[in-house]
Amino acid sequence: ATQEGALASIGKGTISAIHLMEFNNGFGEAKKYHKACVQHMREFWKIVLRRRNKFTQAEAQDLLISLDAHEKALARAQQEYISLLDKYPSSVQLLYAYAGFCDTVLNSEKESLKKKAEAQAL
C-alpha cells in the first residue's frame, strides 16, 4: 500500500508499517465479527419464522445457541471497533464501518448518524 492509500485508510497522522498492519488486522477482525452478528441475527429469525407458535426443546436450544453466538460476536466486534476508534479516530473508512455496525447490529440510529457526521467532517 502506498503512503497516500494508507493515510486514506487509517486517517491523519504519522503512518508506520506497524500502524498499518495493526489497523488492517483490527479492522479485518471488526468486520468479521460484524458480519457474524448479522449472520447470527438472520439465523435466529429463520428459526423463529419456521415455527411461529410452539417450539420444540431442540428449537428452543437452537435459539439460545444463536443468541449466545450473537452476543459473543457483538462483544468482539464492539471491542475491536472501539479499540480502533481510540487509536485511529480520523479514519473515514473506520467511522463509516462503525456507523453501519451501530445501525444494523446495535440498532442505534443516533450513534450511526453521529459517526457518519464525523466521517463527513474529515
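Here is a short report on the structure shown in this document. (Residues numbered from 1 in each chain as written. Predicted model: local features only at pLDDT ≥ 70, side-chain atom pairs only at ≥ 80, totals over all residues. Heavy atoms only, no water.)

**Overview of the overall build of the protein**
Argument step 1. If you tally the helices and strands in the protein, you get 5 helices and 0 strands.
Argument step 2. Within the protein, counting contacts between residues at least 6 apart in sequence, those at least 24 apart form 58% of the total.
Argument step 3. Split by element, the accessible area of the protein, about 7,800 Å² in all, is 55% carbon and sulfur. (Helix = DSSP H or I, 4+ residues; strand = E, 2+ residues; numbered from the N terminus. Contact = heavy atoms within 4.5 Å. Areas by Shrake-Rupley, 256 points an atom, 1.4 Å probe, with all protein chains shown as cover.)

**Some details on helix α3 (residues 57–87)**
Argument step 1. Relative to the 45 Å expected for 31 residues at 1.5 Å per residue, α3 spans 45 Å between its end C-alpha atoms, a close match to the ideal helical length.
Argument step 2. Of all the positions in α3, only E59, L63, S66, H70, A73, L74, A77, E80, Y81, L84 and L85 are classed as buried.
Argument step 3. If you follow the buried residues of α3, they end up packed against α2 (17–50) and α4 (92–104). (Expected span 1.5 Å × (residues − 1). Buried < 20%, exposed > 50% of the residue type's maximum accessible area, 1.4 Å probe, protein only.)

**Regarding the environment of S112**
Argument step 1. Relative to the helices and strands, S112 is located in helix α5 (residues 109–121).
Argument step 2. By relative accessible area, which is 2% here, S112 ends up buried.
Argument step 3. In sequence terms S112 and Y98 are 14 residues apart; their C-alpha atoms lie 7.4 Å from each other.

**A short note on the pattern of salt bridges**
Argument step 1. Considering all chains together, one arrives at 7 salt bridges under this definition.
Argument step 2. Linking E29 and R76 is a salt bridge whose minimum nitrogen-to-oxygen distance equals 3.7 Å. Placement of the pair is E29 in helix α2 and R76 in helix α3, with a sequence separation of 47 residues.
Argument step 3. Here K72 makes a salt bridge to D68, at a shortest N to O gap of 3.2 Å. Within this pair, K72 and its partner D68 are both found in helix α3, separated by 4 residues, close to a single helical turn.
Argument step 4. Overall, D68 belongs to the partly exposed group, its relative accessible area being 39%.
Argument step 5. Within this structure, E29, K32, R76 and E80 form a network of salt bridges that share partners. (Salt bridge = Lys/Arg side-chain N within 4 Å of Asp/Glu carboxyl O.)

**Regarding the packing of α2 against α3**
Argument step 1. Here α2 crosses α3 at 155°, and the two axes come no closer than 8 Å. Classed by the angle they form, the pair α2 and α3 counts as roughly antiparallel. By crossing handedness, the relation of α2 to α3 is classed as left-handed.
Argument step 2. Residues of the contact of α2 with α3, tallied by class, amount to 18 nonpolar, 5 polar and 9 charged. (Axes fitted to C-alpha atoms, helices over the stretch in contact; angles between N-to-C directions. Parallel < 35°, antiparallel > 145°, perpendicular 65-115°, else oblique. Left-handed = near helix turned anticlockwise from the far one by under 90°. Nonpolar A, V, L, I, M, F, W, Y, C, P; charged D, E, K, R; others polar.)

Any functional reading would require information that these geometric values do not contain.
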